[in-house]
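Coordinate inspection notes
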Amino acid sequence: METITPERLSLNTATTRPQWALDKAIDGAARHGLGGVSPWRDQLQALGAEKAARQLREAGLSVSGLCRGGWFTAEGALTKSVLDDNRRAVDEAATIGAVCLVMVVGGLAPRSRDLEGARTMIEEGLGKTLEFARTVGVKIAIEPLHPMYAADRAAVNTMAQALDICDRLGDGIGVAADVYHIWWDPDVKAQIARAGKDRLMAFHLCDWLVPTTDMLNDRGMMGDGVIDIPDLRQAVEAEGFAGLNEVEIFSAENWWKRDPDEVLETIIARAAAYC
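Rules used throughout
Residues numbered from 1 in each chain as written. Predicted model: local features only at pLDDT ≥ 70, side-chain atom pairs only at ≥ 80, totals over all residues. Heavy atoms only, no water. Pairing = 2+ DSSP bridges. Helix = DSSP H or I, 4+ residues; strand = E, 2+ residues; numbered from the N terminus. Contact = heavy atoms within 4.5 Å. Axes fitted to C-alpha atoms, helices over the stretch in contact; angles between N-to-C directions. Phe/Tyr/Trp six-rings, centres within 6.5 Å; stacked < 30°, edge-to-face > 60°. Buried < 20%, exposed > 50% of the residue type's maximum accessible area, 1.4 Å probe, protein only. Salt bridge = Lys/Arg side-chain N within 4 Å of Asp/Glu carboxyl O. Expected span 1.5 Å × (residues − 1). UniProt positions renumbered as here; feature names shortened; annotations may be inferred. Core = buried A, V, L, I, M, F, W, Y, C linked by side-chain atoms within 4.5 Å. Patch = residues over 30% accessible without salt bridge, like charges linked within 9 Å, V, L, I, M, F, W, Y side chains within 5 Å. Areas by Shrake-Rupley, 256 points an atom, 1.4 Å probe, with all protein chains shown as cover.

With that out of the way, let us pick up the sheet that holds strand E8 (residues 200–205). Within a sheet, each strand pairs with its neighbour through backbone hydrogen bonds, oriented either parallel or antiparallel. Read from one edge of the open sheet, nine strands run E3-E2-E1-E9-E8-E7-E6-E5-E4, paired in parallel fashion. Two strands bound the open sheet, and with one partner strand each, they are strand E3 (62–63) and strand E4 (66–70). Bridge count between strand E1 (residues 9–12) and strand E9 (residues 245–247): three bridges; the pairing is parallel. Within E9, the position partnered with Leu11 by the bridge is Val247. Each of E3, E4, strand E5 (101–104) and strand E6 (140–142) touches helix H4 (residues 80–96); the most contacted strand, E4, lies at about 160 degrees to it.

Structural data, given as structure tokens:
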């Protein structure tokens, strides 16, 4: 397995969110020789999708994904506003040439304990969004989230659950495999193989700290935690995944407080040493 070089990396802009707006993140990624970025929609909207697309082209950067569509349960039903927002997300992904639109699908509906109902709503929303996405050539990637987020962020928690949905919905939908969310799953390698090249749309890097002090905002830099990242990377590459390795680190008490150029330098060094 080859060492990850900078051009094989993508900066998910959450990693430098407090320090850099999107235009600065694009400049920084290009300056450090990274191969791409993955913007978040609020930052993309602040810059403007068309302007961002031009800047990305001029910088020679790929777009490994757009974060994020989904949240189908946020209003307790598949309202027009929820579906319209996902259509806008698809259009934004198309404008910037994103490899995929990453879906954080939503947890329980407000004031609900109906987990199966939430999953039914999520699949219906994904299906409706996928119908539109196919018309503009955008691929949809379900990101299964660790079970600790089942209530409030994503009721799809394993690769198997995500791929079951993909099986039912057909072409144009796959998975975003984030090591933070899948490393613990005893079935993960079988599900990576099940996904195969066409449905492995994104691969996200970070690490799981022990102890973890915050469920959302205490992810680790690669090498600082317990995830066997090379093992998972080898599994996805064995299926033919050749996309960028996207680094996504939420770190309120560490990396978000550092100089962003230092963060990127560390990413490059740690990817080579620990991924």
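Still to come is the rest of the account.
With that settled, the discussion passes to the packing of aromatic side chains. All told, the structure shown has five aromatic pairs when counted by the stated rule. A ring pair is formed by Trp40 and Phe250, whose centres lie 5.9 Å apart and whose planes are at 80 degrees; its orientation type is edge-to-face. Remark: Phe250 occurs in the loop between E9 and helix H10 (260–274) and Trp40 occurs in the loop between strand E2 (36–38) and helix H2 (41–47); sequence separation between them is 210 residues. The pair Trp40 / Phe250 is uniform in exposure class, with both members buried. The structure contains a cluster of three or more aromatic residues connected by ring pairs, namely Trp40, Phe250 and Trp256.

Each neighbour pair has its own omega, and for Cys67 with Arg68 the value is 0 degrees, a cis peptide bond. Within the secondary structure layout, Arg68 lies in strand E4. Residue Pro211 is bonded to the preceding Val210 through a cis peptide linkage, with omega at 0 degrees. Of note, Pro211 is situated in the loop between E8 and helix H9 (229–238). Phi at Trp71 is positive, roughly 50 degrees, even though this residue is not glycine.

When the charged atoms of two side chains lie near each other, side chains of opposite charge can form a pair. For the structure on display, the rule yields 18 salt bridges. For Asp85, the salt bridge is made with Arg88, and the minimal N-O distance between the two is 3.4 Å. With Asp85 and Arg88 both in helix H4, this residue pair falls three residues apart, about one helical turn. Where Asp164 meets Arg194, a salt bridge forms, and the shortest distance between an N and an O atom there is 2.6 Å. One end of the pair, Asp164, is in helix H6 (residues 159–169); the other, Arg194, is in helix H8 (residues 188–199), and 30 residues separate them in sequence. Counted as one network, the salt bridges with shared partners bring together Arg41, Asp85, Arg88 and Glu92.

With six of its six residues buried, E8 lies for the most part within the structure. Relative to E9, E8 runs parallel, the two sharing three bridges. Of the residues in E9, the one forming a bridge with His204 is Glu246.

Now for H4. The terminal C-alpha atoms of H4, which comprises 17 residues, lie 24 Å apart, in line with the 24 Å expected from a rise of 1.5 Å per residue. Considered for burial, the residues of H4 that qualify are Val82, Leu83, Asn86, Ala89, Val90, Glu92, Ala93 and Ile96. Two residues or fewer after H4 comes Gly97, characterised by a positive phi angle close to 70 degrees.

Glancing now at the UniProt feature "domain: Xylose isomerase-like TIM barrel" (unreviewed entry) in the chain. Per the UniProt record, the feature "domain: Xylose isomerase-like TIM barrel" (unreviewed entry) sits at residues 29–261. Along residues 29–261 the backbone is 42% helical and 14% strand, and the end-to-end C-alpha distance reaches 9 Å.

Time to look at the nonpolar core. Leu205 and Met222 are the most contacted members of the largest nonpolar core, which has 79 residues in total. Those residues within four positions of Met222 in sequence are excluded, and the remaining contacts are Leu205, Cys206, Asp207, Ile229, Val247, Ile249, Ile267, Arg270, Ala271, Tyr274 and Cys275.

Together, Trp183, Trp184, Val210 and Val226 line one region of the surface with nonpolar side chains, adding up to about 370 Å² of accessible area. Considering the arrangement of structural elements, one finds Trp183 in the loop between helix H7 (179–182) and H8. Relative accessible area serves as the criterion here: at 31%, Trp183 is assigned to the partly exposed category.

The subject of this paragraph is the side chain of Asn86. On the secondary structure map, Asn86 appears in helix H4. With residues near it in sequence (within four places) discarded, Asn86 still touches Gly69, Gly70, Phe72, Leu101, Met103 and Thr129.

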